[in-house]
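Now for the letters of each chain:
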Amino acid sequence: RREFLDLERQIAKIWRRSVSGVDHSQVYVDFKKFYERIRKPSDLSGVKQIADSLIDVVDQDASFRFGMSLLSVPPEAQNQILERWFRAGKPAIKEFVPYFRHVLSVDLFFYLATAADLISRVRPTGKAGNMVDVAYLYYLPFCRIFTSSDNLHERVVPLFLREDQIFVKGPELKAELRKLDDHYSALPGDIKAKGTYAFASNPPEDTSFLITRLWDKYHPAWRQHAKREKLPLHLQKAILDLVKKIAKESRPQTEPSTALKSIQEVQYIHVERPIMSKKGKWTRVPPDLQ
């Protein structure tokens with residue numbers, strides 16, 4: 001029925017309820033026994049080292065099977081996965097299934113940390129469990145900047161960061177965004193009337209702004225791009241005319257997606273999306289474009 005977003009939202013709600021309602025008592029007991037064989041870590045960094053060792057250092061066959069069981073991979077799927085792994089020559093788990101390895105490390109870390117009494121298994125009534133909070137780390141491989149106001153995230157996320165990633169505390173980010181809002185609010189009215197695309201496509205050059213420092217770290221070419229001279233008016237007009245021509249001559253794709261031409265045959269693809277001319281107190285595009 002093409003209700004993809006609604007379906008995802010409903011699945012997410014079901015997942016959140018199921019995870020929040022899980023009784024971790026038995027898991028806690030099982031992992032508590034693990035510390036009868038090794039010294040219990042005194043901090044979360046030590047827990048992370050143990051979790052990584054259990055995945056990467058011990059026998060990979062046993063680790064793979066244990067991991068799939070811990071993540072509730074159906075038995076029939078486990079057999080298919082293991083067969084494919086055997087055919088591939090049994091490479092390291094982190095090379096064969098890197099995202100599985102990441103999710104496993106997050107869950108294993110949580111169970112080991114709770115068994116070491118370094119993370120509580122429960123939260124006050126009315127709040128989601130810590131398992132839900134830790135599960136946000138599943139997103140980590142897909143971002144450069146992870147921000148949160150959650151105290152548990154502040155303790156845990158830095159342990160999982162790659163060298164090219166950074167954790168920004170939520171209150172710090174909010175304060176910086178207020179600072180940025182104040183900066184642009186002080187601009188003259190005629191400048192603000194041109195819209196944020198005109199005066200805020202890039203952050204301020206002043207590195208006292210956290211946003212500017214993040215852009216310098218992750219998008220360093222922005223300063224060079226900001227200094228580029230604007231295209232002459234005749235070239236701007238030529239590009240606009242071309243865009244209008246493409247928009248006029250484009251035809252919607254009504255056939256099944258399998259009928260799409262190959263990329264070699266397509267001259268252009270026209271994707272059109274509406275945008276809000278204003279967002280909050282800010283004008284995004286000038287009145288003559290609205």
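Further up the page is the structure itself.
Residues numbered from 1 in each chain as written. Predicted model: local features only at pLDDT ≥ 70, side-chain atom pairs only at ≥ 80, totals over all residues. Heavy atoms only, no water.

### Notes on the overall build of the chain
- Assigned secondary structure in the chain consists of 15 helices and four strands.
- Taken against the 2.2 N^0.38 rule, which gives 19 Å for 290 residues, the C-alpha radius of gyration of the chain at 26 Å runs more than 25% over that of a compact globule.
- Taken along the three principal axes of its C-alpha coordinates, the chain extends 75 × 50 × 35 Å.
- When the 290 residues of the chain are sorted by exposure, 31% land in the buried category.
- Charge separation in the chain, taken as the distance between the mean sites of 47 positive and 36 negative side-chain charges, equals 3 Å. (Helix = DSSP H or I, 4+ residues; strand = E, 2+ residues; numbered from the N terminus. Rg over C-alpha atoms; globule rule 2.2 N^0.38 Å. Buried < 20%, exposed > 50% of the residue type's maximum accessible area, 1.4 Å probe, protein only. Lys, Arg positive; Asp, Glu negative; His and termini not counted. Charge placed at Lys NZ, Arg CZ, Asp CG, Glu CD.)

### A short note on the packing of helix α7 (residues 98-115) against helix α9 (residues 151-160)
- Contact pair α7 / α9: the axes reach a minimum separation of 12 Å and the direction vectors enclose 140 degrees. Regarding the angle of α7 to α9, the classification is oblique. α7 and α9 meet at a crossing whose hand is right-handed. Contact with α7, carried on its side by His102, Ser105, Val106 and Phe109, involves Val156, Leu159 and Phe160 of α9 and no other residues of that element.
- Looking at the contact of α7 with α9 residue by residue, the class counts come to five nonpolar, two polar and no charged. (Axes fitted to C-alpha atoms, helices over the stretch in contact; angles between N-to-C directions. Parallel < 35°, antiparallel > 145°, perpendicular 65-115°, else oblique. Left-handed = near helix turned anticlockwise from the far one by under 90°. Contact = heavy atoms within 4.5 Å. Nonpolar A, V, L, I, M, F, W, Y, C, P; charged D, E, K, R; others polar.)

### Points about helix α13 (residues 210-218)
- Of the residues making up α13, those classed as buried are Leu210, Ile211, Thr212, Leu214 and Tyr218.
- Packed against the buried residues of α13 are β1 (145-148), β2 (166-169), α10 (170-185) and α14 (222-226).

### Some points on the layout of surface pockets
- The computed volume of the largest pocket comes to approximately 1300 Å³.
- Taken together, 32 residues form the lining of the largest pocket, with Tyr197, Ala198, Lys230, Gln236 and Leu289 sitting closest to its centre.
- Sorting the residues of the lining of the largest pocket by element identifies α12 (196-199), α14 and α15 (233-249) as the ones contributing at least two each.
- A per-class count over the lining of the largest pocket returns 16 nonpolar, six polar and 10 charged. (1 Å grid on protein atoms, 1.4 Å probe; cavity = no way out; pocket = protein on both sides within 12 Å on 5 of 7 lines; lining within 4 Å. Points joined across faces, edges and corners; volume = space filled by probe spheres on them.)

### So, the packing of aromatic side chains
- Enumeration according to the criterion identifies 14 aromatic pairs in this entry.
- With a centroid separation of 6.3 Å and an interplanar angle of 25 degrees, the aromatic rings of Phe146 and Phe167 are classed as stacked. Here Phe146, found in strand β1, pairs with Phe167, found in strand β2; they are 21 residues apart in sequence, far enough to count as distant. Per residue, the accessibility class of Phe146 equals that of Phe167, and both read buried.
- Each member of the aromatic cluster is reached from another via a ring pair, and the members are Phe64, Trp85, Phe86, Phe96 and Phe100.
- Sitting above the plane of the Phe160 ring, Lys48 keeps its charged end 4.7 Å from the centroid.
- Of note, Lys179 hangs over the ring of Phe209, and the distance from its end group to the ring centre comes to 4.7 Å. (Phe/Tyr/Trp six-rings, centres within 6.5 Å; stacked < 30°, edge-to-face > 60°. Lys NZ or Arg CZ within 6 Å of the ring centre and 35° of its normal.)

### Observations concerning the environment of Phe160
- Along the chain, Phe160 turns up in helix α9.
- By relative accessible area, which is 10% here, Phe160 ends up buried.
- Placed 28 residues apart in sequence, Phe160 and Pro188 show a C-alpha to C-alpha distance of 44 Å.
- Ignoring anything within four residues of it in the chain, the contact list for Phe160 reads Lys48, His102, Ser105, Val106, Phe109, Leu137, Leu140 and Gln165.

### Brief notes about the pattern of salt bridges
- Taken as a whole, this structure holds 15 salt bridges when the rule is applied.
- Of the charged contacts, one joins Arg101 and Asp52 as a salt bridge, the two residues approaching to 3.1 Å between their closest N and O atoms. With Arg101 in helix α7 and Asp52 in helix α3 (residues 44-56), the pair connects residues that are 49 residues apart, well separated along the chain.
- Each of Lys48, Asp52, Asp56 and Arg101 takes part in a single network of salt bridges with overlapping partners. (Salt bridge = Lys/Arg side-chain N within 4 Å of Asp/Glu carboxyl O.)

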